[in-house]
Amino acid sequence: MPAPRSAGARTPLTVGVEEEFLLVDYRTRRVSPRAPVVLAAAAGRLPGLQPEITQFQVETATPVCTTMAEVRASIVDSREELAGTARRHGLRLAAVGTPVLGRAAPPPLTDSDRYRQMAAEFGAVTDGLSICGCHVHVGIPGPEEGIRASNYLRPWLPVLLALSANSPFWEGRDTGYASWRYLVWARWPTAGPPPVFESPEQYEHAVRSLMQVGAAMDRAMAYWDIRLSQQHPTIELRVCDVAATADEAVLIAALARAMVATALHDTRPPLAMPQHLLRAANWRAARDGLGGNCVNPVTGHTLPTPVLVRQLIGRVRPALEDAGDLDLVLDLLESLVAKGCGATRQRRAYARNGKLTDVVDLLTAQTAGADDLV
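Notes on the structure in this doc start here. (Residues numbered from 1 in each chain as written. Predicted model: local features only at pLDDT ≥ 70, side-chain atom pairs only at ≥ 80, totals over all residues. Heavy atoms only, no water.)

### Quick notes on the pairing of strand β5 (residues 133–139)
Here comes step 1: The buried fraction of β5 is high, at seven of seven residues.
Here comes step 2: Burial along β5 is two-sided: G133, H135, H137 and G139 and C134, V136 and V138, pointing in opposite directions, are all buried.
Here comes step 3: Relative to β5, strand β1 (residues 15–25) is paired through five bridges, and the arrangement is antiparallel. Directly across from V17, in β5, lies its bridge partner V136. (Buried < 20%, exposed > 50% of the residue type's maximum accessible area, 1.4 Å probe, protein only. Helix = DSSP H or I, 4+ residues; strand = E, 2+ residues; numbered from the N terminus. Pairing = 2+ DSSP bridges.)

So this is what it looks like as structure tokens:
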């Protein structure tokens, strides 16, 4: 059932997308700790480019956008520019949640006092930091609206994770999961789905409590799958693997914006989902990806994930229509279901010849904007 709709279309919320990438050696396809070289070479040409916590990674960010056409154009340009820079230095750029080939743990950390402190405080948990996600920021009027949006998005986190699942391999082996990145990230004491919050004050108390007991060094380490941004007037969705293609990133961004917009104007209370069931649902989504089953937040039972995605679209349809995104989302979803999520395509590439180098070739081609080799 779609959300109740008032007369007249609303102004679309702003949106921005952050993407994390791995760098791999052009010949061996193993992860390469040469991010400082690529960052220096691309400096000034990509305004949203920045280092990540390990030297295997780089990160880009779109500007603040109001249309999905702007989001897509920025993502495509950044990926093409960064892939070209990597190529000129004997590297490839891979939009993948986990390293397919090469030793990634313990990772070479970026030279930073903060990152050294993290390694000292959290020990071997930092061994799993060579992972890449996609973070979507959606503009909100204030923290009250952010809490409402968080509570609304929370039960649908498994569906979004399954859509983006793009990390079945880790250091040369199939993990048995579609999103191994999510399981690796879940080791952090502040990671996972957020609780239901009654107010911004309760949210702030929870963050302070995490810091007080040492589970977070500072506010930036509240690593929930949804959180209020510390730097921007946005709510940040953090559950997804980095998208295999620009179009898949756009699909996630459009759905996230529509969900936030719906939360701000829907008069119904958010769906209730106990924390233990939501954690289990996220685990199931990480294991199965788009091709499996996901927990229906309405009933608590499992359904094929594509069915649940369509139910989600039905709930946020008015917001998608207001933003002019409905046809785009339906087309992108149809394409994704037909070809499979990123994890499915990686396994398909491996099954052809039993070579993980073929998987890396697929990933780097997709990242640079080539047609899927599936």
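### Some thoughts on the packing of aromatic side chains
Here comes step 1: Counted by the stated rule, this structure contains nine aromatic pairs.
Here comes step 2: With 5.4 Å between their ring centres and 45° between their planes, Y177 and W180 make a pair best called tilted.
Here comes step 3: By relative accessible area, Y177 is classed as buried at 17%. (Phe/Tyr/Trp six-rings, centres within 6.5 Å; stacked < 30°, edge-to-face > 60°.)

### Digging into unusual backbone geometry
The phi angle of most residues is negative, glycine excepted, and most peptide bonds adopt the trans form.
Here comes step 1: That bond from A105 to P106 is cis: its omega, -5°, falls within 30 degrees of zero.
Here comes step 2: The backbone of E171 shows a phi angle near 50°, a positive value even though the residue is not glycine.
Here comes step 3: A relative accessible area of 29% places E171 in the partly exposed class.

### So, helix α3 (residues 113–122)
Here comes step 1: Turning to α3, its buried residues number three or more, namely Y115, M118 and F122. Projected onto a plane normal to the axis of α3, the buried residues spread over an arc of 50° and lie on a single side. Exposed residues lying more than 90 degrees from the buried face of α3 are D113, A120 and E121.
Here comes step 2: N-capping of α3 is provided by S112, with a side-chain oxygen placed 3.2 Å from the backbone N of R114.
Here comes step 3: Once α3 ends, the next one or two residues include G123, with phi positive near 60°. (Arc of directions from axis to C-beta. Polar contact = N/O pair within 3.5 Å; in protein donor to acceptor, adjacent residues only side chain to side chain.)

### Let's talk about the pairing of strand β3 (residues 57–61)
Here comes step 1: The buried count for β3 comes to four of five residues, which makes it a mostly enclosed element.
Here comes step 2: Judged from the five bridges that link them, β1 and β3 form a sheet pairing that is antiparallel. Among the inter-strand pairings, E18 is bridged to a residue of β3, identified as A61.
Here comes step 3: Of the strand pairs in this sheet, strand β2 (residues 50–51) and β3 are connected by two bridges, and their pairing is antiparallel. Among the inter-strand pairings, P51 is bridged to a residue of β3, identified as V58.
Here comes step 4: The antiparallel pairing of β2 with β3 creates a hairpin that spans five residues between the two strands.

### Overview of the pattern of salt bridges
Here comes step 1: Inspection of every chain in the model, using the stated rule, returns 20 salt bridges.
Here comes step 2: When the shortest N-O distance is used, the salt bridge between R268 and D266 registers 2.9 Å.
Here comes step 3: For D266, a relative accessible area of 3% translates into the label buried.
Here comes step 4: Ionic contacts of the salt-bridge type, sharing partners, join the residues R29, R92 and D361 into one network. (Salt bridge = Lys/Arg side-chain N within 4 Å of Asp/Glu carboxyl O.)

### With respect to the nonpolar core
Here comes step 1: Ranked by size, the top nonpolar core spans 88 residues in total, and within it V136, L160, L163, W188, L237 and V260 carry the most contacts.
Here comes step 2: In terms of residues, this core owes the most to one element, helix α8 (residues 246–265), which gives 15 residues.
Here comes step 3: Core analysis: the second largest hydrophobic core is formed by 33 residues, V24, A42, A104 and V360 among them. (Core = buried A, V, L, I, M, F, W, Y, C linked by side-chain atoms within 4.5 Å.)

### Focus: the packing of α8 against helix α12 (residues 326–339)
A packed helix pair is summarised by two numbers, namely the angle formed by the two axes and the spacing between the axes.
Here comes step 1: Contact geometry for α8 and α12: axes closest at 10 Å, N-to-C directions at 130°. Classified by the interaxial angle, the pair formed by α8 and α12 is oblique. Crossing geometry of α8 relative to α12 is assigned as left-handed. Mapping the contact onto sequence places D247, E248, V250, L251, A254 and L255 in α8 and L328, V329, L332, L333, L336 and K339 in α12.
Here comes step 2: A class-by-class count of the residues in the contact of α8 with α12 yields nine nonpolar, no polar and three charged. (Axes fitted to C-alpha atoms, helices over the stretch in contact; angles between N-to-C directions. Parallel < 35°, antiparallel > 145°, perpendicular 65-115°, else oblique. Left-handed = near helix turned anticlockwise from the far one by under 90°. Contact = heavy atoms within 4.5 Å. Nonpolar A, V, L, I, M, F, W, Y, C, P; charged D, E, K, R; others polar.)

All quantities given are derived from atomic positions and should not be read as evidence of function.
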